[in-house]
Amino acid sequence: MAAKKTIDAQTIGERLRTLRGARPQKEVGDAVGVTAMAISQYERGERVPTDNIKMALAYYFNTTVDAIFFTF
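The notes below deal with the structure included here.

## A word on the nonpolar core
Now for step 1: Counting residues in each nonpolar core, the largest one holds 15 residues, and the members touching the most others are Leu-16, Val-34, Ile-39, Tyr-42 and Leu-57.
Now for step 2: Among the elements of the structure, helix H1 (9-20), helix H2 (25-32), helix H3 (36-43), helix H4 (51-60) and helix H5 (65-69) are those that each provide at least two residues to this core.
Now for step 3: Residues in contact with Ile-39, not counting those within four places in the same chain, are Arg-20, Gln-25, Val-28, Gly-29, Val-32, Val-34 and Leu-57.

Written as structure tokens, this is what we have:
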């Protein structure tokens, strides 16, 4: 099976911003175990979360890792 290609960090950031909606970055960060600054960097496409944070974000937003990070 071929390895999944990840989409670009800007697209991931847009998806995370959309999922977060009006929630504060600190609230999301606290829920998944990172700082509000880390959430901000993910949303700006400056960093991509580690796999365990990807899973925590998907769980928090009630979606899948694929839907946020891999679906084109």
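Structure shown, so let's carry the discussion forward.
## Let's talk about unusual backbone geometry
Now for step 1: Phi at Asn-62 is positive, roughly 55 degrees, even though this residue is not glycine.
Now for step 2: Residue placement: Asn-62 occurs in the loop between H4 and H5.

## A few points about the packing of H2 against H3
Now for step 1: The contact between H2 and H3 brings their axes to 7 Å, and the two run at 105 degrees. Classified by the angle their axes make, H2 and H3 are roughly perpendicular. Contact with H2, carried on its side by Gln-25, Lys-26, Val-28, Gly-29 and Val-32, involves Ala-36, Ile-39, Ser-40 and Glu-43 of H3 and no other residues of that element.
Now for step 2: For the contact of H2 with H3, a count of residues per class yields four nonpolar, three polar and two charged.

## Description of the pattern of salt bridges
Close approach of charged atoms lets side chains of opposite charge pair.
Now for step 1: A complete count under the given rule lists four salt bridges for this structure.
Now for step 2: One salt bridge connects Asp-30 with Lys-26, and the closest N-O pair in it is separated by 2.8 Å. On the criterion of helical spacing, the pair formed by Asp-30 and Lys-26 is a turn pair, its members being four residues apart in helix H2.
Now for step 3: Here Asp-30 falls in the exposed class, since its relative accessible area comes to 52%.

What counts and what doesn't
Residues numbered from 1 in each chain as written. Predicted model: local features only at pLDDT ≥ 70, side-chain atom pairs only at ≥ 80, totals over all residues. Heavy atoms only, no water. Core = buried A, V, L, I, M, F, W, Y, C linked by side-chain atoms within 4.5 Å. Buried < 20%, exposed > 50% of the residue type's maximum accessible area, 1.4 Å probe, protein only. Helix = DSSP H or I, 4+ residues; strand = E, 2+ residues; numbered from the N terminus. Contact = heavy atoms within 4.5 Å. Axes fitted to C-alpha atoms, helices over the stretch in contact; angles between N-to-C directions. Parallel < 35°, antiparallel > 145°, perpendicular 65-115°, else oblique. Nonpolar A, V, L, I, M, F, W, Y, C, P; charged D, E, K, R; others polar. Salt bridge = Lys/Arg side-chain N within 4 Å of Asp/Glu carboxyl O.

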